[in-house]
Amino acid sequence: MKFNKIHHIAIICTNYEKSKDFYVRILGMNPISEVYREDRDSYKLDLEINGQYQIELFSFPNPPARPGYPEAAGLRHIAFEVDDIEEAAAYFKKHQINVEAIRIDPVTNKKYTFFPDPDGLPIELYEK
């Protein structure tokens, strides 16, 4: 068995329009396909970053809440690489997004920080 790469990450949101705005306008992802599935009362939005399909954003009626602490079993967070962490953090703060203090990874000595998406999913910025 050999994996080639991670194909995509699926995210279920509670407010489709708010999350779509966040991932497209704030994070700058490019929508490549949007489908409304009437039988499930659900949207599916495929998003790409730098020409690579990365994220599926789903809406479902009344999804259960995600555990609010990062050490819950399951997906802990998603991370995006940036060239300049201070510039990226300032950008998100300008958009009234609560960005944690920038820290240094003790293993790699690289800078990183976290901020939440509209549903509280932790998103990490990791400096190249």
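Cut-off values and rules
- Residues numbered from 1 in each chain as written.
- Predicted model: local features only at pLDDT ≥ 70, side-chain atom pairs only at ≥ 80, totals over all residues.
- Heavy atoms only, no water.
- Helix = DSSP H or I, 4+ residues; strand = E, 2+ residues; numbered from the N terminus.
- Rg over C-alpha atoms; globule rule 2.2 N^0.38 Å.
- Buried < 20%, exposed > 50% of the residue type's maximum accessible area, 1.4 Å probe, protein only.
- Contact = heavy atoms within 4.5 Å.
- Areas by Shrake-Rupley, 256 points an atom, 1.4 Å probe, with all protein chains shown as cover.
- Phe/Tyr/Trp six-rings, centres within 6.5 Å; stacked < 30°, edge-to-face > 60°.
- Salt bridge = Lys/Arg side-chain N within 4 Å of Asp/Glu carboxyl O.
- Polar contact = N/O pair within 3.5 Å; in protein donor to acceptor, adjacent residues only side chain to side chain.

Asks: Would you mind going over the overall build of the protein with me for this structure?
Replies: Across its full length, the protein carries two helices and eight strands. Mapped from its N terminus to its C terminus, the protein presents α and β elements in the order β-α-β-β-β-β-α-β-β-β. Rg of the C-alpha trace for the protein: 15 Å, near the compact-globule value of 14 Å for 128 residues, within the 12% margin. In terms of overall dimensions, the protein has C-alpha extents of about 50 × 40 × 30 Å along its principal axes. Within the span of the protein, comprising 128 residues, buried residues form 34% of the whole. In the protein, once contacts between residues fewer than 6 apart in sequence are set aside, the share between residues at least 24 apart is 47%. Summing over all exposed atoms, the protein offers an accessible surface of approximately 8600 Å²; the carbon and sulfur share of this is 52%.

Asks: Sorry if this is basic, but what is going on with the packing of aromatic side chains here?
Replies: To describe a pair of aromatic rings, you give the distance between the ring centres and the angle between the ring planes. Inspection of every chain in the model, using the stated rule, returns nine aromatic pairs. Between Tyr16 and Tyr43 the ring centres are 4.4 Å apart and the planes differ by 10°, which places this aromatic pair in the stacked class. Taken together, the positions of Tyr16 in helix 1 (residues 16–26) and Tyr43 in strand 3 (residues 42–49) put the pair 27 residues apart, joining distant regions of the chain. Residue classification places Tyr16 among the buried positions, given a relative accessible area of 7%. Here the aromatic cluster, defined as three or more aromatic residues joined through ring pairs, consists of Phe22, Tyr23, Tyr91, Phe92 and Phe115.

Asks: Explain the pattern of salt bridges to me, please; I cannot follow it from the model alone.
Replies: Any two side chains of opposite charge can pair, on the condition that their charged atoms come close. Enumeration according to the criterion identifies six salt bridges in this entry. Between Glu34 and Lys20 there is a salt bridge, and its shortest N-O distance comes to 2.9 Å. A residue pair is termed long-range when its members are at least 10 positions apart, and Glu34 in strand 2 (residues 30–37) and Lys20 in helix 1 qualify at 14 residues. Here Glu34 falls in the partly exposed class, since its relative accessible area comes to 40%. For Lys20, a relative accessible area of 23% gives the class partly exposed. Among the ionic pairs, Arg103 bridges to Glu100, the shortest N-O distance being 2.7 Å. The class of Arg103 is partly exposed, set by a relative accessible area of 34%. What makes Glu100 partly exposed here is its relative accessible area of 39%. Beyond isolated ion pairs, a larger network of salt bridges with shared partners links Lys44, Asp46 and Glu56.

Asks: Just to check I follow, could you spell out the side chain of Thr113 for this structure?
Replies: Along the chain, Thr113 turns up in strand 7 (residues 111–116). Residue classification places Thr113 among the buried residues on the basis of a relative accessible area of 0%. Polar contacts involving the side chain of Thr113 include one to the main-chain carbonyl oxygen of Glu100, which spans 2.6 Å. At a separation of 3.5 Å, a polar atom in the side chain of Thr113 contacts the main-chain carbonyl oxygen of Ala101. Other than its neighbours up to four places away in sequence, Thr113 contacts Ile85, Val99, Glu100, Ala101, Ile102, Ile123, Glu124 and Leu125.

Purely spatial values, then, with no claim about function.
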